[in-house]
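# Fold and geometry: a report
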Amino acid sequence: AQVTGDGLPNILNGGILTINANLSNSDNITVDGSTSVLTITAGTIDIGGLTNKDLILNNQASFNLSGGDVTVGNSLTVDKGSTATMSGAATLLTTTYLTIQDKTGATSSTFNMSAGTANVTSSVFLDGKSTGSRPLLNMSGGTFNISFKTEWCGNSTDYPHIIVSA
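Rules used in this analysis
- Residues numbered from 1 in each chain as written.
- Predicted model: local features only at pLDDT ≥ 70, side-chain atom pairs only at ≥ 80, totals over all residues.
- Heavy atoms only, no water.
- Salt bridge = Lys/Arg side-chain N within 4 Å of Asp/Glu carboxyl O.
- Buried < 20%, exposed > 50% of the residue type's maximum accessible area, 1.4 Å probe, protein only.
- Pairing = 2+ DSSP bridges.
- Helix = DSSP H or I, 4+ residues; strand = E, 2+ residues; numbered from the N terminus.
- Axes fitted to C-alpha atoms, helices over the stretch in contact; angles between N-to-C directions.

This paragraph deals with the pattern of salt bridges. Enumeration over the complete set of coordinates arrives at one salt bridge. Between E151 and K149 there is a salt bridge, with its nearest N and O atoms 2.8 Å apart. Relative accessible area serves as the criterion here: at 34%, K149 is assigned to the partly exposed category.

Here it is as structure tokens:
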């Protein structure tokens, strides 16, 4: 099965979308809200690969990637207490950035990786400028490739964290 088209709906207010087949989308995808979830288990998924679009997690949203090959045309942004989780045989490619940030400082955003391969073509940004904000990149398995640099932004008491454990 394959779904193609423009303007995949945003996942809001407790919406849940599970993708287990091929998908090509030429616009941003936003997952917004504490009970909103995007799950990808299989397939070749293209989120704005030719149009420089983003996958945005906002306001404690969740993104679970356990299989398939996902390309994000611009950046994956994990913001305002959201969580992205990679496991299984998943492959993630962001053609520019992975940003883990907290604009409010109320809750910390997290990127968890226990398996799979993540490729970030440009940079990883861990932005914890707000007091109480501690963005986290937590890696317990898999392969994480960064082509350019990793940047930390934070105040003197709340630096972002990278945890690597085997």
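The next subject is the sheet that holds strand β21 (residues 161–164). In a beta sheet, neighbouring strands pair by backbone hydrogen bonds and run either parallel or antiparallel. Pairing is parallel across the open sheet formed by seven strands, whose spatial order is β3-β6-β9-β12-β15-β18-β21. The sheet terminates laterally at β3 (16–19) and β21, the two strands that pair on one side only. Ignoring which end each strand starts from, the neighbouring axes of this sheet average 5° apart.

Note that G49 resides in the loop between β7 (44–47) and β8 (55–58). The sequence separation of G49 and V70 amounts to 21 residues, and the corresponding C-alpha distance is 9.7 Å.

This paragraph deals with the pairing of strand β17 (residues 123–128). Looking along a regular strand, one sees side chains alternate from face to face of the sheet. Of all six residues that make up β17, five are buried, and the element is covered over most of its length. For strand β14 (residues 98–101) and β17, the ladder comprises four bridges, and the chain directions are parallel. Looking at the pairing, L98 lines up with V124 of β17.

This part covers unusual backbone geometry. Even without being glycine, N13 reaches a positive phi, approximately 50°. Structurally, N13 can be placed in the loop between β2 (11–12) and β3. Under the relative-accessibility criterion, N13 is labelled exposed at 75%. Positioned with a positive phi, K80 is a non-glycine residue whose angle comes to about 50°. Note on placement: K80 falls in the loop between β11 (76–78) and β12 (83–86). Using a relative accessible area of 24% as the deciding quantity, one classes K80 as partly exposed.

In terms of strand pairing, β12 meets strand β15 (residues 110–113) through four bridges, oriented parallel. What sits directly across from M86, in β15, is M113. Alignment of β15 against strand β18 (residues 136–139), held across four bridges, turns out to be parallel. Across the sheet, N112 pairs through a bridge with N138, a residue of β18.

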